[in-house]
Amino acid sequence: MATTSLKLPSELKQRAVTAAQQQDISPHAFMVAAIAQAVSAAEQRAALIAAAKSARRETLEDGEGLAADAVHAYFRARARGKDAAKPEPCSWRT
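Chemist: Describe the environment of His72, naming the residues involved and giving the relevant values.
Modeler: Take His72: it is sitting in helix α3 (residues 68-79). For His72, a relative accessible area of 43% puts it in the partly exposed group. A sequence separation of 15 residues divides His72 from Pro87, and the C-alpha atoms of the two residues are 9.5 Å apart.

Chemist: Explain a nonpolar patch on the surface residue by residue, including any values.
Modeler: Together, Leu6, Ile35 and Val39 line one region of the surface with nonpolar side chains, adding up to about 270 Å² of accessible area. Position of Leu6 among the secondary structure elements: in the segment before α1 (10-22).

Chemist: Before we move on, can you summarise the packing of aromatic side chains with the specific residues and values?
Modeler: For the structure shown, the criterion picks out one aromatic pair. Each ring, one from Tyr74 and one from Phe75, has its centre 5.3 Å from the other, and the planes form 65 degrees; the classification is edge-to-face. The exposure class assigned to Tyr74 is buried, which follows from its relative accessible area of 12%.

Chemist: How would you sum up unusual backbone geometry? Please name residues and give values.
Modeler: Positioned with a positive phi, Asp24 is a non-glycine residue whose angle comes to about 60 degrees. In this structure, Asp24 sits in the loop between α1 and α2 (27-62).

Chemist: Any chance you could break down the layout of surface pockets for me, citing the residues and the numbers?
Modeler: Computed from the structure, the largest pocket encloses a volume of approximately 310 Å³. Every residue along the wall of the largest pocket is listed here: Met1, Ala2, Thr3, Thr4, Leu6, His28, Met31, Val32 and Ile35. Of the residues that constitute the lining of the largest pocket, the class distribution is six nonpolar, three polar and no charged.

Chemist: Requested: an account of α3, with residues and values cited.
Modeler: If you check α3, its first and last C-alpha atoms are 16 Å apart, about what 12 residues at 1.5 Å a residue would give, namely 16 Å. Following α3 by one or two positions, Gly81 has its phi on the positive side, about 85 degrees.

Chemist: Describe the environment of Ser91, and please don't skip the residues or the numbers.
Modeler: Counting through the fold element by element, Ser91 comes out in strand β2 (residues 90-91). Residues Ser91 and Gly63 lie 28 residues apart in sequence; the distance between their C-alpha atoms is 5.6 Å. Here Ser91 is in contact with Gly63 and Glu64, once residues within four sequence places are set aside.

What counts, and where the lines are drawn
Residues numbered from 1 in each chain as written. Predicted model: local features only at pLDDT ≥ 70, side-chain atom pairs only at ≥ 80, totals over all residues. Heavy atoms only, no water. Helix = DSSP H or I, 4+ residues; strand = E, 2+ residues; numbered from the N terminus. Buried < 20%, exposed > 50% of the residue type's maximum accessible area, 1.4 Å probe, protein only. Patch = residues over 30% accessible without salt bridge, like charges linked within 9 Å, V, L, I, M, F, W, Y side chains within 5 Å. Areas by Shrake-Rupley, 256 points an atom, 1.4 Å probe, with all protein chains shown as cover. Salt bridge = Lys/Arg side-chain N within 4 Å of Asp/Glu carboxyl O. Phe/Tyr/Trp six-rings, centres within 6.5 Å; stacked < 30°, edge-to-face > 60°. 1 Å grid on protein atoms, 1.4 Å probe; cavity = no way out; pocket = protein on both sides within 12 Å on 5 of 7 lines; lining within 4 Å. Points joined across faces, edges and corners; volume = space filled by probe spheres on them. Nonpolar A, V, L, I, M, F, W, Y, C, P; charged D, E, K, R; others polar. Expected span 1.5 Å × (residues − 1). Contact = heavy atoms within 4.5 Å.

In structure tokens form, the structure reads like this:
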């Protein structure tokens, strides 16, 4: 395991110590978990952005998408517990 020195403002360190005590864990364990959670969130965000960019490229290339009204109707029906056919892709180019 690598060692890293981390300088924190006094107030933030005290808040971390207090939060760790409330969870009955060491401040070190609390900080490791907090960093792991932040890294996971950053990775998930990067994956979401990559997927969105890929979907945008695909949509621009094939010129197809879903009509917003059809999507809204589909979700309204599903929210009411009704079966509904998924909206069909259509060309958005004129």
